[in-house]
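Structure at a glance
What follows is each chain in one-letter form.
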Amino acid sequence: MKDTKKSVHGAWSSRFAFILAATGSAVGLGNIWKFPYITGENGGGAFVIVYLLCVLLIGVPIMIAETMLGRRTQRNPIETMELLTEEAGADKNWHYLGWMGIIAGMLILSYYSVIAGWSSAYILKAFTGSFFNADAAEIKGIFDDFIASPVQLVFWHSAFMLATMMIVVRGVNNGLEKAVQYLMPSLFVLMFLLVGYAMTTDSYYQGLHFMFTPDFSKLTSSAILTAMGHAFFTLSLGMGAIMVYGSYLPKNISIAKTTFLIAGADTVVALLAGIAIFPIVFANNLHPDSGPGLIFETLPIAFGAMTGGWLMGILFFVMLAIAALTSSISLIEPAVAWLVENKDFSREKACVWTGLATWLLGLGTVFSFNVWSNVKFFDRSIFQLLDYLTANLMLPVGGFCIAIFAGWIMKRQHSEQELNMPTEQSYQVWKVLISYVAPSAVFFVFLHVIGVL
Ligand code: PFF
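Residues numbered from 1 in each chain as written. Predicted model: local features only at pLDDT ≥ 70, side-chain atom pairs only at ≥ 80, totals over all residues. Heavy atoms only, no water.

Time to look at a nonpolar patch on the surface. A contiguous nonpolar surface patch, about 570 Å² in accessible area, is contributed by I49, L53, L56, L57, F216 and F260. Considering each element in turn, the nonpolar patch owes the most residues, four residues, to helix 3 (residues 45–73). Position of L53 among the secondary structure elements: in helix 3. (Patch = residues over 30% accessible without salt bridge, like charges linked within 9 Å, V, L, I, M, F, W, Y side chains within 5 Å. Areas by Shrake-Rupley, 256 points an atom, 1.4 Å probe, with all protein chains shown as cover. Salt bridge = Lys/Arg side-chain N within 4 Å of Asp/Glu carboxyl O. Helix = DSSP H or I, 4+ residues; strand = E, 2+ residues; numbered from the N terminus.)

As structure tokens, then:
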């Protein structure tokens, strides 16, 4: 496409670097912390099926589209939408999509960083042997005491935000690529080890049964919305994170193939997390619907009981914190890239301002677990409100718009050229999914939730 501006935009050094970074963005707290607890809250099997369908039919096509839009312009999301509307001769307002993404990213990061702070704090707890031989009640006590302390939560939230901004400030190649290189393989190994432990509990099959036997009577419309929202959240879709990562992707690389790899890895990690956690939940008479504390109240029991659990505990929380870090850098990258490329900010200055704003916002989430726990908006705490607003509303709306843009606004020859699929049929399948299936699925879920359907 025609390109008049001078670019200060980075580029991945290889296809592998992109895969690592995009997988790093996708795999995070969403897989290990959020997927198990929302599966627990929404009744298990049926929820998992809806989630998997959403990943396949909505998530994957939109991920292909989002990467493609970014790669076509090699610009940040706002500029990407501006340039592409110009190319397609479409309405200028599409660039608001880029704006919504930047805002959604910062809103998500504000609470994401607080939870990532919990994981960081748990590294220390594992290290000092807090879980040793502790029973379920003691482990719950440790967690309850921890989240009741605003000082501790603010400390860990601040430490995590600082770590995020220190990586982002170093830019694409130095910071982002290196951070993910070793993480992903180690994370897989550790997840398998935890599943191995879950197999030794008496409740292994009960856990599997809960996760994989659907009981559709438990499937409420809000569960369907949560499952769909989570498909966006877990694949980092609908807000420009994957668009900005796609924009750093060299032109000769097949977008569709890499997307399948990334979405596949992401799904496997989530399922492994569930398979590891639910047997421990049932073996200790805990409740699958105990909410955001679920992994912090279950896994330490396993670490406290098993041989080598001390080291496993440390490794697990280190990895969770790093997995969160590789996602959080992608949450803030769209905002930073825009300030650097369009507002002439230095990367350092852009990081300081976006980091500070996000940190401040995060205090709302911190206090929602203690001093402001009674503050409710529409029956939700600040944390729950931010999560609902972003994952269940903003990301699906963003994804819907991306689907409409890629399927209906962008010229066919442009998407065909950019995707460069191996066969005409595979392009056709994507085109049908992106133009019809994905947007109507999102639309019907929304109608269902507001009670029209
Ligand atoms: N995909 C991340 C996770 O599952 O933890 C969260 C996330 C990252 C959501 C980046 C959105 C995003 F743009």
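Ranked by internal contacts, the top residues of the largest apolar core, which has 159 residues, are I32, I62, L69, W118, F303, F316 and W430. For this core, the element with the most residues is helix 15 (residues 309–342), which contributes 18 residues. If we ignore the near neighbours within four places in the chain, the residues touching I32 are L187, M191, V269, A273, I277, I295, F316 and L320. (Core = buried A, V, L, I, M, F, W, Y, C linked by side-chain atoms within 4.5 Å. Buried < 20%, exposed > 50% of the residue type's maximum accessible area, 1.4 Å probe, protein only. Contact = heavy atoms within 4.5 Å.)

Further remarks concern the site of the ligand. For the ligand, the set of nearby residues contains 15 residues, the closest of which are A26, G30, Y112, F233 and M239. Here L29 contributes a backbone N or O atom positioned 3.1 Å from an oxygen atom of the ligand. Interatomic distance of 3.0 Å between a side-chain N/O atom of S236 and a nitrogen atom of the ligand. At the level of elements, helix 1 (15–26), helix 2 (29–41), helix 11 (221–234) and helix 15 are the ones that each hand at least two residues to the shell around the ligand. Tallied by class, residues from the shell around the ligand come to seven nonpolar, eight polar and no charged. (Near = heavy atom within 4 Å. Polar contact = N/O pair within 3.5 Å; in protein donor to acceptor, adjacent residues only side chain to side chain. Nonpolar A, V, L, I, M, F, W, Y, C, P; charged D, E, K, R; others polar.)

Our focus in this paragraph is the packing of helix 2 against helix 5 (residues 95–127). Relative to each other, helix 2 and helix 5 sit at 90°, their axes nearing to 12 Å. Taken together, helix 2 and helix 5 sit at an angle that is classed as roughly perpendicular. Facing L29, G30 and W33 of helix 2, the residues of helix 5 in contact are Y112, I115, A116 and S119. (Axes fitted to C-alpha atoms, helices over the stretch in contact; angles between N-to-C directions. Parallel < 35°, antiparallel > 145°, perpendicular 65-115°, else oblique.)

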